[in-house]
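Now for the letters of each chain:
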Amino acid sequence: MPIFVEANQLNLLAFLFFVKMLLGFLLDNQQAALEPATTLFSKGYIQGVTSQSLYVESHFYESLILLANCPNRFPATATNGVLPSPPGRATGGEEPSLVRVATNQQQLKQWATHCPANYQPMYALVEAETARVRGQPWQAVEWYEQAICAAQEHQVLHLEALAYELAGTCYFAKKQS
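Residues numbered from 1 in each chain as written. Predicted model: local features only at pLDDT ≥ 70, side-chain atom pairs only at ≥ 80, totals over all residues. Heavy atoms only, no water.

Which residues make up the overall build of the protein, and what are the values?
Scanning the protein for helices and strands turns up 8 helices and 0 strands. Each helix and strand of the protein, ordered N terminal to C terminal, gives the series α-α-α-α-α-α-α-α. Considering the protein as a whole, with its 177 residues, one finds that 42% of them fall into the buried category. For the protein, long-range pairs separated by at least 24 residues make up 58% of all intrachain contacts whose partners lie at least 6 apart in sequence. Element-wise, carbon and sulfur atoms account for 57% of the exposed surface of the protein, whose accessible area totals about 9700 Å². (Helix = DSSP H or I, 4+ residues; strand = E, 2+ residues; numbered from the N terminus. Buried < 20%, exposed > 50% of the residue type's maximum accessible area, 1.4 Å probe, protein only. Contact = heavy atoms within 4.5 Å. Areas by Shrake-Rupley, 256 points an atom, 1.4 Å probe, with all protein chains shown as cover.)

Structure, rendered in C-alpha coordinates:
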(Lines give C-alpha, C1' and ligand atoms only; values in the text may rest on other atoms or scores of the structure.)
Protein backbone atom coordinates (compact mmCIF):
# COMPACT_ATOMS: atom_id res chain seq x y z
CA MET A 1 0.00 0.00 0.00
CA PRO A 2 2.79 2.55 0.64
CA ILE A 3 3.67 2.37 -3.02
CA PHE A 4 0.12 3.47 -3.90
CA VAL A 5 0.40 6.40 -1.48
CA GLU A 6 3.81 7.37 -2.85
CA ALA A 7 2.52 7.18 -6.44
CA ASN A 8 -0.63 9.13 -5.43
CA GLN A 9 -2.89 6.38 -6.82
CA LEU A 10 -6.08 7.74 -5.29
CA ASN A 11 -8.33 5.46 -7.32
CA LEU A 12 -6.59 2.32 -6.05
CA LEU A 13 -6.45 3.63 -2.49
CA ALA A 14 -10.12 4.56 -2.57
CA PHE A 15 -11.08 1.13 -3.86
CA LEU A 16 -8.86 -0.61 -1.29
CA PHE A 17 -10.33 1.29 1.66
CA PHE A 18 -13.87 0.94 0.31
CA VAL A 19 -13.50 -2.85 0.10
CA LYS A 20 -12.00 -3.03 3.61
CA MET A 21 -14.84 -0.87 4.92
CA LEU A 22 -17.51 -2.92 3.14
CA LEU A 23 -16.08 -6.25 4.28
CA GLY A 24 -15.96 -5.08 7.88
CA PHE A 25 -19.57 -3.94 7.65
CA LEU A 26 -20.88 -7.06 5.91
CA LEU A 27 -19.01 -9.36 8.31
CA ASP A 28 -20.62 -7.45 11.21
CA ASN A 29 -17.29 -6.19 12.50
CA GLN A 30 -18.28 -2.56 12.77
CA GLN A 31 -15.21 -1.55 14.78
CA ALA A 32 -12.92 -2.96 12.07
CA ALA A 33 -14.96 -1.19 9.39
CA LEU A 34 -14.60 2.17 11.12
CA GLU A 35 -10.86 2.64 10.46
CA PRO A 36 -10.97 2.22 6.67
CA ALA A 37 -14.17 4.29 6.48
CA THR A 38 -12.50 7.11 8.36
CA THR A 39 -9.29 6.82 6.32
CA LEU A 40 -11.16 6.83 3.01
CA PHE A 41 -12.63 10.24 3.76
CA SER A 42 -10.08 11.88 6.07
CA LYS A 43 -7.10 11.29 3.78
CA GLY A 44 -9.01 12.41 0.71
CA TYR A 45 -8.84 9.05 -1.06
CA ILE A 46 -12.54 9.40 -1.88
CA GLN A 47 -11.53 12.07 -4.42
CA GLY A 48 -9.93 9.30 -6.49
CA VAL A 49 -13.21 7.49 -7.04
CA THR A 50 -14.12 7.47 -10.71
CA SER A 51 -17.34 5.48 -10.37
CA GLN A 52 -20.53 7.25 -9.33
CA SER A 53 -21.91 4.10 -7.72
CA LEU A 54 -18.76 3.57 -5.63
CA TYR A 55 -18.84 7.22 -4.58
CA VAL A 56 -22.47 6.99 -3.44
CA GLU A 57 -22.04 3.63 -1.74
CA SER A 58 -18.97 4.93 0.11
CA HIS A 59 -21.09 7.66 1.69
CA PHE A 60 -23.95 5.26 2.38
CA TYR A 61 -21.82 2.61 4.08
CA GLU A 62 -19.79 5.22 5.94
CA SER A 63 -23.03 6.47 7.49
CA LEU A 64 -24.17 2.97 8.45
CA ILE A 65 -20.75 2.21 9.97
CA LEU A 66 -20.68 5.44 11.95
CA LEU A 67 -24.17 4.73 13.24
CA ALA A 68 -23.32 1.10 14.07
CA ASN A 69 -20.44 2.38 16.18
CA CYS A 70 -22.84 4.68 18.07
CA PRO A 71 -24.88 2.19 20.07
CA ASN A 72 -28.38 3.14 21.09
CA ARG A 73 -27.16 4.88 24.22
CA PHE A 74 -29.12 8.08 23.95
CA PRO A 75 -32.38 8.67 25.78
CA ALA A 76 -35.55 9.12 23.80
CA THR A 77 -35.93 12.53 25.45
CA ALA A 78 -33.33 14.28 23.29
CA THR A 79 -34.73 17.65 22.30
CA ASN A 80 -34.29 19.78 19.22
CA GLY A 81 -32.27 17.03 17.55
CA VAL A 82 -29.29 17.68 19.84
CA LEU A 83 -28.19 14.61 21.68
CA PRO A 84 -26.64 14.62 25.13
CA SER A 85 -22.95 13.79 25.06
CA PRO A 86 -21.97 10.26 26.08
CA PRO A 87 -19.99 9.91 29.30
CA GLY A 88 -16.43 11.17 28.93
CA ARG A 89 -17.22 13.30 25.88
CA ALA A 90 -17.36 17.07 25.91
CA THR A 91 -20.73 18.71 25.62
CA GLY A 92 -21.59 21.22 22.95
CA GLY A 93 -23.97 19.66 20.46
CA GLU A 94 -24.22 16.54 18.43
CA GLU A 95 -21.69 13.77 18.39
CA PRO A 96 -19.24 14.31 15.49
CA SER A 97 -20.18 11.04 13.80
CA LEU A 98 -23.84 12.09 13.73
CA VAL A 99 -22.85 15.40 12.18
CA ARG A 100 -20.97 13.47 9.47
CA VAL A 101 -24.02 11.24 8.92
CA ALA A 102 -26.22 14.33 8.58
CA THR A 103 -23.84 15.72 5.95
CA ASN A 104 -23.97 12.43 4.02
CA GLN A 105 -27.76 12.41 4.32
CA GLN A 106 -28.06 15.83 2.71
CA GLN A 107 -26.30 14.45 -0.36
CA LEU A 108 -28.23 11.15 -0.32
CA LYS A 109 -31.50 13.06 -0.06
CA GLN A 110 -30.60 15.09 -3.14
CA TRP A 111 -29.69 11.93 -5.05
CA ALA A 112 -32.88 10.20 -3.85
CA THR A 113 -34.97 13.14 -5.06
CA HIS A 114 -33.51 12.90 -8.55
CA CYS A 115 -33.31 9.11 -8.77
CA PRO A 116 -35.46 7.38 -6.14
CA ALA A 117 -35.03 3.96 -7.74
CA ASN A 118 -31.33 3.96 -6.88
CA TYR A 119 -31.08 6.06 -3.75
CA GLN A 120 -34.39 6.17 -1.83
CA PRO A 121 -33.78 2.84 -0.03
CA MET A 122 -30.32 4.04 1.03
CA TYR A 123 -31.63 7.34 2.32
CA ALA A 124 -34.48 5.70 4.26
CA LEU A 125 -32.21 3.07 5.77
CA VAL A 126 -29.76 5.65 7.11
CA GLU A 127 -32.70 7.64 8.51
CA ALA A 128 -33.92 4.47 10.26
CA GLU A 129 -30.54 3.80 11.80
CA THR A 130 -30.23 7.43 12.88
CA ALA A 131 -33.61 7.22 14.62
CA ARG A 132 -32.52 3.96 16.30
CA VAL A 133 -29.33 5.57 17.62
CA ARG A 134 -31.26 8.59 18.84
CA GLY A 135 -33.61 6.36 20.82
CA GLN A 136 -36.65 7.01 18.62
CA PRO A 137 -37.95 3.48 18.00
CA TRP A 138 -41.24 4.43 16.35
CA GLN A 139 -39.57 6.72 13.85
CA ALA A 140 -36.98 4.00 13.21
CA VAL A 141 -39.74 1.48 12.46
CA GLU A 142 -41.36 3.87 9.97
CA TRP A 143 -38.05 4.49 8.20
CA TYR A 144 -37.21 0.76 8.07
CA GLU A 145 -40.60 0.16 6.45
CA GLN A 146 -39.96 2.91 3.92
CA ALA A 147 -36.53 1.45 3.12
CA ILE A 148 -37.99 -2.04 2.67
CA CYS A 149 -40.87 -0.82 0.51
CA ALA A 150 -38.62 1.35 -1.66
CA ALA A 151 -36.14 -1.49 -2.14
CA GLN A 152 -38.97 -3.88 -3.05
CA GLU A 153 -40.59 -1.40 -5.42
CA HIS A 154 -37.35 -0.75 -7.25
CA GLN A 155 -36.16 -4.37 -7.01
CA VAL A 156 -32.95 -3.57 -5.15
CA LEU A 157 -32.61 -6.96 -3.50
CA HIS A 158 -29.41 -6.36 -1.53
CA LEU A 159 -30.82 -3.20 0.07
CA GLU A 160 -34.11 -4.94 0.84
CA ALA A 161 -32.19 -7.72 2.59
CA LEU A 162 -30.03 -5.21 4.47
CA ALA A 163 -33.11 -3.24 5.55
CA TYR A 164 -34.77 -6.40 6.85
CA GLU A 165 -31.59 -7.39 8.69
CA LEU A 166 -31.09 -4.02 10.36
CA ALA A 167 -34.79 -3.76 11.21
CA GLY A 168 -34.69 -7.22 12.77
CA THR A 169 -31.62 -6.29 14.80
CA CYS A 170 -33.39 -3.15 16.01
CA TYR A 171 -36.57 -5.06 16.92
CA PHE A 172 -34.57 -7.71 18.76
CA ALA A 173 -32.62 -5.10 20.74
CA LYS A 174 -35.85 -3.30 21.62
CA LYS A 175 -37.37 -6.56 22.82
CA GLN A 176 -34.35 -7.19 25.02
CA SER A 177 -34.62 -3.81 26.74
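Break down the packing of helix α2 (residues 10-26) against helix α3 (residues 30-42) for me, citing the residues and quoting the values.
Helix-helix packing: each pair is described by the crossing angle between the helix axes and the interaxial distance. Put simply, α2 and α3 touch, their axes get as near as 7 Å, and they point 160° apart. The angle between the axes of α2 and α3 places the two elements in the roughly antiparallel class. Here α2 runs over α3; the crossing is left-handed. Contacts between α2 and α3 involve A14, F17, F18, K20, M21, G24 and F25 from the first element and Q30, A33, E35, P36, A37, T39 and L40 from the second. Residues of the contact of α2 with α3, tallied by class, amount to 9 nonpolar, 3 polar and 2 charged. (Axes fitted to C-alpha atoms, helices over the stretch in contact; angles between N-to-C directions. Parallel < 35°, antiparallel > 145°, perpendicular 65-115°, else oblique. Left-handed = near helix turned anticlockwise from the far one by under 90°. Nonpolar A, V, L, I, M, F, W, Y, C, P; charged D, E, K, R; others polar.)

Which residues make up unusual backbone geometry, and what are the values?
In the Ramachandran plot, D28 falls in the positive-phi region, its phi being about 60° despite a non-glycine side chain. Take D28: it is sitting in the loop between α2 and α3. For D28, a relative accessible area of 61% gives the class exposed. Positive phi outside glycine occurs at Q155, with the angle close to 55°. Along the chain, Q155 turns up in the loop between α7 (137-153) and α8 (157-176). When its relative accessible area of 72% is taken as the criterion, Q155 is described as exposed.

How would you explain the packing of aromatic side chains if you had to name every residue and give the values?
Inspection of every chain in the model, using the stated rule, returns 7 aromatic pairs. Ring centres of F17 and Y45 lie 5.4 Å apart, and the angle between their planes is 25°; on these two criteria the pair is classed as stacked. With F17 in helix α2 and Y45 in the loop between α3 and α4 (52-68), the pair connects residues that are 28 residues apart, well separated along the chain. The burial state of F17 is the same as that of Y45; both residues are buried. On the numbers, 5.8 Å between centres and 80° between planes, the contact of Y123 with W143 is edge-to-face. On the criterion of sequence distance, the pair formed by Y123 in helix α6 (residues 116-133) and W143 in helix α7 is long-range, its members being 20 residues apart. Residue Y123 is classed as buried on the basis of its relative accessible area, which comes to 12%. Residue W143 is classed as partly exposed on the basis of its relative accessible area, which comes to 23%. Taken together, the aromatic side chains of F25, F60 and Y61 make up a single cluster linked through ring pairs. If you follow R100 out to its NZ or CZ, it ends over the ring of F41, 4.6 Å from the centre. (Phe/Tyr/Trp six-rings, centres within 6.5 Å; stacked < 30°, edge-to-face > 60°. Lys NZ or Arg CZ within 6 Å of the ring centre and 35° of its normal.)

Can you break down α6 residue by residue, with the values?
Here α6 contains 18 residues, and its C-alpha end-to-end distance of 25 Å stays within 8% of the 26 Å for a straight helix at 1.5 Å per residue. A large share of α6 lies buried, amounting to 14 of its 18 residues. A positive backbone phi angle near 75° is found at G135, which sits one or two residues after α6. (Expected span 1.5 Å × (residues − 1).)

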